[in-house]
Amino acid sequence: MAKPTQSFPLLDTLRDGPAWLGPAFALLVYLSLGVAVPLVLEAALPHQQNFVRLGQVGGACFAALIFATWFAARFQRRGESRRLNAIRTIDDVRALTPERFEALLSEAFRRQGYEAQRRGDGAPDGGVDVWLNRDGKATLVQCKRWTTKNVGVPTVRELLGVVTSEGTAEGIVVSSSGFTADARRFAASNPIRLIDGEELLRMLQGVQTEPGTPTEPSEATAMAMDTPRCPNCGAPMVRRVAKRGLNAGQAVFGCSTYPKCRGTRGRDEAQ
């Protein structure tokens with residue numbers, strides 16, 4: 001199973017484990033280093049009280065450091081959780097910084113039962129932003145917080161190279177926009193899953209947990225969920241009014257990449 005090249009297991013454990021784990025671990029460290037070790041030193045070196053006091057102070061400082069790390073990690077996790085629960089539209093997602101976008105996805109995947117670890121902020125990611133693990137199965141995630149530009153096949157091919165070299169089960173490319181037709185075709189023939197803006201919004205809303213989260217999607221969300229795909233290239237379609245032909249004056253769906261793609265659907269076909 002592949003391991004992230006940059007990992008902070010203690011921080012991850014304190015952040016994602018039960019709330020009592022940090023204080024309990026800090027207390028255990030203090031009792032071990034700040035109490036038990038000084039007692040042993042005092043019995044073994046009765047005339048070296050400086051070592052005893054050093055052990056007491058060191059144990060207390062180390063325990064305080066662990067407690068502070070736990071507190072900071074839990075505070076960070078709380079912020080990520082609130083941010084996820086506040087998402088209502090895809091524009092809320094696109095307004096995030098890339099770092100917060102990665103944190104948002106990590107929290108969403110955790111709620112789906114994954115262990116999720118992000119790469120270090122500012123560090124070269126090597127084509128991977130989040131490492132997932134569930135039931136011994138590793139998955140690599142690349143995140144693209146884009147607004148209008150669709151993710152192309154080079155990004156998908158890059159992730160496939162990392163998946164192959166690391167020997168992981170699959171890869172996921174998450175985009176807040178969409179994917180080109182070439183990217184979709186390439187992913188379909190490889191162990192790469194693509195999550196575009198529409199599916200991403202549904203995934204995020206599906207794991208929101210705070211009381212008061214609406215059970216019915218907002219109007220904007222409902223429109224995004226009902227938008228059909230182009231029969232030619234798979235891109236999202238937009239509503240237009242036909243100006244000529246058999247459907248003149250009627251609402252139809254046209255490919256959002258027009259004039260590059262001229263795929264259309266009648267209103268009845270999109271249902």
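For the structure, check the block above.
Residues numbered from 1 in each chain as written. Predicted model: local features only at pLDDT ≥ 70, side-chain atom pairs only at ≥ 80, totals over all residues. Heavy atoms only, no water.

Student: Help me understand the sheet that holds strand β1 (residues 115-118), please; the structure alone is not making it clear to me.
Tutor: The strands making up a sheet associate through backbone hydrogen bonding, with each pair oriented either parallel or antiparallel. Here five strands make up an open sheet; going across it, the order is β1-β2-β3-β4-β5 and the pairing mixed. The open sheet has two edge strands, β1 and β5 (192-195), and neither has a second partner. Ignoring strand direction, the axes of neighbouring strands in this sheet form an average angle of 20°. Of the pairings in the sheet, the one linking β1 to strand β2 (residues 130-134) comprises four bridges and is antiparallel in character. (Pairing = 2+ DSSP bridges. Helix = DSSP H or I, 4+ residues; strand = E, 2+ residues; numbered from the N terminus. Axes fitted to C-alpha atoms, helices over the stretch in contact; angles between N-to-C directions.)

Student: Would you take a moment to explain the pairing of strand β3 (residues 137-144) for this structure?
Tutor: Counted residue by residue, β3 has seven buried out of eight residues, so it is predominantly covered. Bridge count for β2 against β3 is five bridges, and the pairing is antiparallel. Of the residues in β3, the one forming a bridge with N133 is A138. Where β2 hands over to β3, the hairpin turn is made up of two residues, of which D135 adopts a positive phi near 55°. Where β3 and strand β4 (residues 170-175) come together, six bridges link them in parallel fashion. Following the sheet pairing, L140 is matched in β4 by G171. Taken together, β3, helix α6 (residues 153-166) and β4 form a β-α-β motif whose crossover is right-handed. (Buried < 20%, exposed > 50% of the residue type's maximum accessible area, 1.4 Å probe, protein only. Right-handed = clockwise from strand over helix to strand, strands pointing away.)

Student: Could you clarify how one ought to interpret the pairing of β4 in this entry?
Tutor: One face of the sheet, then the other: side chains in a regular strand alternate in exactly this way. β4 sits mainly inside the fold: six of its six residues count as buried. Burial of β4 is two-sided: the residues E170, I172 and V174 facing one way and the residues G171, V173 and S175 facing the other way are all buried. Bridging between β4 and β5 involves four bridges; their strand directions are parallel. Across the sheet, residue I172 finds its bridge partner in β5, namely R193. For the segment spanning β4, helix α7 (residues 181-188) and β5, crossover handedness is right-handed.

Student: Which parts of the structure should I look at to understand the nonpolar core?
Tutor: Soluble globular proteins tend to pack their nonpolar side chains together in the buried interior. Grouped together as the largest cluster of nonpolar side chains are 24 residues, with contacts concentrated most on L200 and L204. Among the elements of the structure, α4 (90-94), α5 (98-111), β2, β3, β4 and α8 (197-206) are those that each provide at least two residues to this core. For L200, the contacting residues outside a window of four places in its chain are I90, V93, F101, L105, V174, S175, S176 and I195. V151, L160, I192 and L194 belong to the second largest nonpolar core, which has 17 residues in total. (Core = buried A, V, L, I, M, F, W, Y, C linked by side-chain atoms within 4.5 Å. Contact = heavy atoms within 4.5 Å.)

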